[in-house]
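Summary of structural features
Take a look at the letters that make up each chain.
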Amino acid sequence: MTGNVDPTVVNLTVFVLAVFVGYFVIWGVTPALHTPLMSVTNAISSVIIVGAILAAGAPVLDFGSGLGAAGVALAAVNVFGGFLVTQRMLEMFKKKERKPKSGG
Amino acid sequence: MSANQVALWYLAASAFFILALKGLSHPESARRGNLFGMIGMAIAIVVTLALVARGNLGMIVLAIAIGGTIGAIVARRVEMTQMPELVAAMHSLVGMAAVLIAIAAVYNPSAFGIADPMPVGNRLELFIGSFVGAITFSGSVIAFGKLAGLGKHFRLFSSAPVVFQGQHLLNLLLALAMIGFGVWFFLSGKEGQWLPFIVMLAIAFVLGVLIIIPIGGADMPVVISMLNSYSGWAAAGIGFSLSNPMLIIAGALVGSSGAILSYIMCKAMNRSFFNVILGGFGAAEGAAAAGGEQRAVKSGSPEDAAYLMANADSVIIVPGYGLAVSRAQHAVKELTDKLIEKGVSVKYAVHPVAGRMPGHMNVLLAEAEVPYDLVFEMEDINSEFGTADVALVLGANDVVNPLALKPGSPIYGMPILDAYKAKTVIVNKRSMATGYAGLDNELFYMDRTMMVFGDAKKVVEEMVKAIH
């Protein structure tokens, strides 16, 4: 290749490969855990909080950084809520000690 | 930190996200997977905080603290039956956050390291990210309302499909208009960019509402999966416009996850994706039951049913959403324990669309402490109904309807749990009303079937009492 590759093309490469990774990894998820899968992907997609932090962190406080801060708060609900509720669900799937048979 | 260092940290975070999903392949590794996800997220947030100007750091940390506290409280308090509502609400937040970021980027591109005035390429990506985000937001709000049963208060939230003449044409025209304004936006300069951008966003918000309202309550599992997918694509779109590979990777993972779940749900209902999206299904909910002659069924008491099960060798329980509605999970778990004590083999058969979102029934059973190794997916257990002594159907209807095997019936081809093959079938229902599909169920009229009418929780509790 000659010349510089446009960043968008690099991004597209990353995107397509990530879709393939996602495809294969997700088919490996056991159907019993599809609800936790959904809540954890929810938490993961809130990584857009990164974009909101950048907007909020602009050197001057203005309309843009205000929107950013609002975005940070919204995404933070998901980050914490998503991972914690997933955790809560997965705890339920923990293997329990079978209760020893009681007298009845 | 140099840009390269930041990029490498983001790469690490992306790898953790992949590991998080990989962990979900088994209940034993899932908790570690979730931990990986948290680590990835922590890296992403801390590294980004280190990047931004110190002056605003306080405001950002405060925003994280407020949002995080709300999230943590909700995560702790939510009932497992409300999981679909919660997930829908969270999708809407991702969508809204994407929209806010997009507006901020149009307002001040330099905050994201984008050239000012913004190049056409970035505008195109921003357009895609923001309209997908807007549709995700308003669509998820409607889905939330439908799931939370707010239809009484506001008609758009009605769980029955909202359809009107020319709906699809309107949607198509709006979509075209939205794209038109999008093209205007990315061809415009720094002046004059706001009008097309705002109009485009407004149309996208309306479109999100219109896409979801015609979809009926029975199709909610597909809708949630679809919005899950959209929220991922919105994140990826924002990642493109900010040229941030971590966002692109995370978004692509989530997007494909949601797409696969939608596919699985559609297949489990034997519907094509477009058939669900175009909506209107389930409009005649329960209407078909009113017509037609009354057919005789055999009914029995919970005690009769308990007697049959206690003397069986093997029992397969088919839980449906009716069970969750009457909160009978814990009673069912008690019944299971008693039967196992009697030496009966007990298994659960879960249909992919049992519940209101993918895997919902599994979570509800896990909450009631039913060990997950007693719970089987449709493909794994269908061959065992033929040798089972009793199939106990609790609050499930369409997913055990043998009509699905009859060519020409409306649900022909839908994969079902073969409960009708069991030596005896015990069905608990509140009444003879039909399921979402509005069809009579042949299973109820078989000679080998005993109907036990009543609320699932009460009935199961009486069964438990009757077993000594």
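In what follows, the accompanying structure is described. (Residues numbered from 1 in each chain as written. Chains lettered and ligands numbered in written order. Predicted model: local features only at pLDDT ≥ 70, side-chain atom pairs only at ≥ 80, totals over all residues. Heavy atoms only, no water.)

With respect to the packing of aromatic side chains
- By the definition in use, this model includes 14 aromatic pairs over all chains.
- Each ring, one from F137 of chain B and one from F205 of chain B, has its centre 5.8 Å from the other, and the planes form 85°; the classification is edge-to-face. Highlighted residues: F137 of chain B in helix α5 (residues 120–147) and F205 of chain B in helix α7 (residues 194–212), separated in sequence by 68 residues.
- F137 of chain B gets classed as partly exposed once you look at its relative accessible area, which sits at 24%.
- A relative accessible area of 23% places F205 of chain B in the partly exposed class.
- An aromatic cluster of three or more residues is present, and its members are Y23, F24 and W27 of chain A together with Y263 of chain B.
- Cation over ring: K347 of chain B sits above F376 of chain B, and NZ or CZ is 5.1 Å from the ring centre. (Phe/Tyr/Trp six-rings, centres within 6.5 Å; stacked < 30°, edge-to-face > 60°. Helix = DSSP H or I, 4+ residues; strand = E, 2+ residues; numbered from the N terminus. Buried < 20%, exposed > 50% of the residue type's maximum accessible area, 1.4 Å probe, protein only. Lys NZ or Arg CZ within 6 Å of the ring centre and 35° of its normal.)

Quick word on the interface of chain B and chain A
- The partner chain A presents 84 residues to the 100 residues of chain B that form the contact.
- Buried surface at the junction of chain B and chain A, both sides included, amounts to about 8200 Å², of which 77% is carbon and sulfur.
- Between chain B and chain A we count zero salt bridges in total.
- On the surface where chain B and chain A come into contact, there are 16 residue pairs in polar contact (both at pLDDT 80 or more).
- At the level of elements, α1 (3–23), α2 (27–51), α3 (57–77), α4 (83–107), α8 (220–242), α9 (245–268), α14 (329–341) and α15 (360–367) of chain B are the ones that each hand at least two residues to the side of chain B that touches chain A.
- Of the residues belonging to the side of chain B that touches chain A, the class tally is 67 nonpolar, 21 polar and twelve charged. (Contact = heavy atoms within 4.5 Å. Buried area = accessible area lost by both parts, 1.4 Å probe. Salt bridge = Lys/Arg side-chain N within 4 Å of Asp/Glu carboxyl O. Polar contact = N/O pair within 3.5 Å; in protein donor to acceptor, adjacent residues only side chain to side chain. Nonpolar A, V, L, I, M, F, W, Y, C, P; charged D, E, K, R; others polar.)

A word on the nonpolar core
- Ranked by internal contacts, the top residues of the largest apolar core, which has 201 residues, are I49 of chain A together with F112 of chain B.
- When residues in this core are grouped by element, the largest group, 16 residues, is from α4 of chain B.
- Setting aside anything within four residues of it in sequence, one finds F112 of chain B in contact with G51, L54 and A55 of chain A together with I101, A104, A105 and L242 of chain B. (Core = buried A, V, L, I, M, F, W, Y, C linked by side-chain atoms within 4.5 Å.)

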